[in-house]
Amino acid sequence: KGYGTGKSPGFSKPLHVIGGVIGDELVVEIKAKQRAFIKQITHLSPYRTTPKCSHAPSCGGCSWQQVDYLFQLEQKQQRVHELFASFVKEGLKPILSCDKIWQYRNKMEFSFSQDRAEQQFLGLILAGSKGYVFNLQECWLVSDWFSSVVAQVRLWWKQSDLTAYRLDNTGSLRTLIVRQSMRTSDKLVMLTVS
């Protein structure tokens with residue numbers, strides 16, 4: 001999932017640290033199932049960079065925004081080698097870097113959710129959570145207009161009497177799908193409802 005891993009006294013298994021980078025020294029809060037959240041960074045990794053998005057690393061959509069892009073490529077190359085080297089006789093070709101590392105996606109699916117107090121959330125799922133959604137303000141994976149659509153749909157939702165779908169088969173609004181063609185100016189906005 002792109003989490004950092006680390007050791008802590010009293011734990012036999014490695015901790016999975018959301019937002020951790022190789023070489024960081026951290027003070028973390030440990031949650032269930034060896035998941036940990038950063039409380040303080042006591043030593044910055046040389047591979048750590050400032051994320052472009054205000055939601056990183058708590059957003060479950062981007063797990064490595066705080067990791068230098070060239071180091072990301074090295075780590076991905078190493079992982080691919082570990083997984084496939086024994087199956088490929090002539091060797092693995094190196095990973096090619098992307099020309100465009102921001103706003104390259106053409107589709108996103110955003111979730112509707114409400115808590116017990118009926119507070120409304122429209123966005124992506126929080127990293128390391130069990131389906132908790134946060135109100136998305138920006139996303140650097142897609143064009144700017146996606147975030148504008150999310151904001152407008154959230155405003156429309158607040159003025160309606162519709163509720164988010166729940167697993168007990170109540171409510172209506174499930175997902176908001178936003179899509180654009182990279183070759184034409186075609187755009188699509190779609191609500192998935194129950």
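One can find the structure itself at the top, above this paragraph.
Residues numbered from 1 in each chain as written. Predicted model: local features only at pLDDT ≥ 70, side-chain atom pairs only at ≥ 80, totals over all residues. Heavy atoms only, no water.

Q: Just to check I follow, could you spell out the overall build of the protein chain for this structure?
A: A tally of helices and strands in the protein chain yields 2 helices and 8 strands. N-terminal to C-terminal, the α/β element order of the protein chain is β-β-β-β-α-β-β-α-β-β. Its C-alpha atoms give the protein chain principal-axis dimensions of roughly 55 × 45 × 30 Å. Taken over 194 residues, the protein chain has a buried fraction of 29%. Sequence separation of 24 or more characterises 42% of the internal contacts of the protein chain that already satisfy a separation of 6 or more. Of the roughly 12,900 Å² of accessible surface on the protein chain, a fraction of 53% belongs to carbon and sulfur atoms. (Helix = DSSP H or I, 4+ residues; strand = E, 2+ residues; numbered from the N terminus. Buried < 20%, exposed > 50% of the residue type's maximum accessible area, 1.4 Å probe, protein only. Contact = heavy atoms within 4.5 Å. Areas by Shrake-Rupley, 256 points an atom, 1.4 Å probe, with all protein chains shown as cover.)

Q: Where do I start with the nonpolar core in this structure?
A: Soluble globular proteins tend to bury their nonpolar side chains together. In this structure, Phe110, Phe112, Leu122 and Leu176 are the most contacted members of the largest nonpolar core, which totals 22 residues. Listing elements by their share of this core, those giving two or more residues are strand E5 (107-114), helix H2 (144-159) and strand E7 (173-180). Take this core: its biggest share by element is 6 residues, from H2. Filtering out sequence-adjacent residues up to four positions away, Leu176 remains in contact with Met108, Glu109, Phe110, Phe112, Leu122, Val149, Val150, Val153, Val189, Met190 and Leu191. (Core = buried A, V, L, I, M, F, W, Y, C linked by side-chain atoms within 4.5 Å.)

What is shown is where atoms sit, not what they do.
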